[in-house]
Amino acid sequence: MQTQPFEKHVWAEIDLDALRYNFRIVKARAGDLPLCAVVKADSYGHGAVQCARIFAEEGAAWLAVSCLTEAVQLRKSGQTLPILVLGHVQPSYAAALIADNITVACYSMAQAKALSAAALAAGGKVKIHLKADTGMGRIGFALRTDFDAAIREMLAVCALPGLEMTGLFQHFSVADDTSAENIAYTAQQHALFVKAFHALKDAGQEPPLVHCDNSAGVMLHPDWPEGLPRQRCMARPGIILYGYDPSDEVRFGQFRPVMTLKTVVSMIKEVQPGQSVSYGRQFIADKPLRVATLCTGYADGYPRLLSCGKGIVEIHGVPCPVLGRVCMDQMMVDVSAVPDLKEDDEAILWGGTVSDDAATIARKTDTIPYEVLCGVSRRVPRVYLEHGSTVAVEDWILEA
């Protein structure tokens, strides 16, 4: 972890005060439900080590990641909160799961048997959360296909040596959609999950912890422990912690974006009518323009689909459209309306007052804010701010 100055080439400023604010909003909505903060994909591109630190300080009960490597990174940083791996872990890593006290999703009988054998060979027990597939169609015991068979498999897993079942969870597939059909589907998923819990309980295997609410779920249905013992329930927010709503349909207007992506002006030039800018000559000036080259591009995570006027960058508080194609490491913007511009002046790629934000970029590029945020590459330093001051810098290229 660096605290020294970083190269101002392109960098992401991470507002830890906004991160705390978002967590507190979710916590207030969840009431007495403990929160499992999702920090997978390096906290959606924001940096899991620092974000997990903030969540722990704010009272998170658990952390959730996608793979073993992400969990080990948190343990190496000194993080002691319980950690759940939401996705696949090769059973051969059972010893690492045991050593670092990492809980893993268990989603099939074949996986459970392999994990059981590896845990016995390692001389310990792997903690598992049973993953119920209530309609997401990814990993999980397929309750919709054959409920009774799925419950039998879960009970058989609980009887395997070397495994300790400590939870049950599922994932909503359309909780961020407001159509009547999908609202009904989400309710069906929840009802099936409640039914599965009680089937396990009646068979003598009551899960100690249950969680199903993602970002949309916890905000829209904080009452959905209904049908479940509330003292065993937990909510599992993700994208809202980082300041973005789950979808364009489900918007709360309460959260503060945590990331601002910045770069600097490397050169300013005058372009005359008939002159072109960037690859493919997709932009040809029809009048005199001042053009600034910025030292960033799609290799840093600024989407190439924002080429040719789609993207709006902020410089000195002025919106500046992208000219021509975004290159791998550079891009050009129209700065004709920006007075007193100098080389090395800062430009805000997203997260400013008049620039695009990740949600706007997602709409312009036909994707979702999750992908935009996760797309910020590892060569971009993350600069962590609290109360306006830099408290940490992560520069992964230098630290590798």
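For the structure itself, consult the block above.
Rules used throughout
Residues numbered from 1 in each chain as written. Predicted model: local features only at pLDDT ≥ 70, side-chain atom pairs only at ≥ 80, totals over all residues. Heavy atoms only, no water. Helix = DSSP H or I, 4+ residues; strand = E, 2+ residues; numbered from the N terminus. Polar contact = N/O pair within 3.5 Å; in protein donor to acceptor, adjacent residues only side chain to side chain. Contact = heavy atoms within 4.5 Å. Phe/Tyr/Trp six-rings, centres within 6.5 Å; stacked < 30°, edge-to-face > 60°. Buried < 20%, exposed > 50% of the residue type's maximum accessible area, 1.4 Å probe, protein only. Expected span 1.5 Å × (residues − 1). Disulfide = S-S within 2.5 Å.

*Asks:* Any chance you could break down the side chain of His129 for me, citing the residues and the numbers?
*Replies:* Note on placement: His129 falls in strand S6 (residues 126-133). In terms of polar contacts, His129 uses its side chain to reach the side chain of Thr166, at 3.3 Å. Here His129 is in contact with Trp62, Leu84, Thr103, Val104, Ala105, Cys106, Thr166, Gly167, Phe169, Leu209 and His211, once residues within four sequence places are set aside.

*Asks:* Give me the lowdown on the packing of aromatic side chains, citing residues and values where you can.
*Replies:* Two aromatic rings are characterised by how far apart their centres lie and by the angle between their planes. Following the criterion strictly, the structure yields five aromatic pairs and no others. Here the aromatic rings of Tyr44 and Tyr370 are separated by 6.0 Å at their centres, their planes lie at 35°, and the arrangement is tilted. Remark: Tyr370 occurs in helix H11 (residues 369-374) and Tyr44 occurs in helix H2 (residues 40-44); sequence separation between them is 326 residues. Relative accessible area serves as the criterion here: at 23%, Tyr370 is assigned to the partly exposed category. Between Phe55 and Tyr242 the ring centres are 6.1 Å apart and the planes differ by 75°, which places this aromatic pair in the edge-to-face class. Taken together, the positions of Phe55 in helix H3 (residues 48-57) and Tyr242 in the loop between strand S10 (233-235) and strand S11 (259-271) put the pair 187 residues apart, joining distant regions of the chain. Tyr242 carries the same exposure label as Phe55, and that label is buried. A connected cluster of aromatic rings, assembled from ring pairs, spans Phe23, Tyr44, Phe55, Tyr242 and Tyr370.

*Asks:* If you had to explain helix H8 (residues 180-202) to someone new, which residues and values would you point to?
*Replies:* Counting along an α-helix, one turn takes 3.6 residues, and residues three or four places apart therefore face a common direction. Between its first and last C-alpha atoms H8 spans 33 Å; for 23 residues at 1.5 Å apiece the expected length is 33 Å, and the two agree. For H8, the full list of buried residues reads Asn182, Thr186, Gln189, His190, Leu192, Phe193, Val194, Ala196, Phe197 and Leu200. Looking at the buried side of H8, the elements it contacts are S6, helix H7 (147-158), strand S8 (163-169) and strand S9 (210-213). Phi for Gly204, located one or two positions after H8, is positive at around 90°.

*Asks:* Please provide a residue-by-residue account of the environment of Thr145, values included.
*Replies:* Topologically, Thr145 is positioned in the loop between strand S7 (141-142) and H7. The exposure class of Thr145 is exposed, given its relative accessible area of 69%. Here the alpha-carbon distance between Thr145 and Leu323, two residues 178 residues apart in the chain, equals 52 Å.

*Asks:* I'd like to hear about helix H4 (residues 68-76), residue by residue, with values.
*Replies:* For H4, every residue scored as buried is listed here: Leu68, Glu70, Ala71, Val72, Leu74 and Arg75. Each element contacted by the buried residues of H4 is listed here: H2, H3, strand S3 (62-65), strand S4 (83-85), helix H5 (94-99) and strand S5 (102-106). Once H4 finishes, Gly78 follows within two positions and takes phi at roughly 100°, a positive value.

*Asks:* Any chance you could break down the environment of Phe141 for me, citing the residues and the numbers?
*Replies:* Looking at the secondary structure, you find Phe141 in strand S7. Separated by 98 residues in sequence, Phe141 and Ser43 place their C-alpha atoms 27 Å apart. Apart from the residues within four sequence positions on either side, Phe141 is in contact with Cys106, Tyr107, Ser108, Met109, Leu130, Lys131, Ala132, Asp133, Ala150, Glu153, Met154 and Val157.

*Asks:* I'd like a rundown of the state of the cysteines, residues and numbers included.
*Replies:* Inspection of every chain in the model, using the stated rule, returns zero disulfides. Distance from the sulfur of Cys158, which forms no disulfide, to the nearest cysteine sulfur (Cys106) is 8.3 Å. The class of Cys158 is buried, set by a relative accessible area of 15%. With no disulfide of its own, Cys233 lies 7.2 Å from the sulfur of Cys212, the closest cysteine sulfur.

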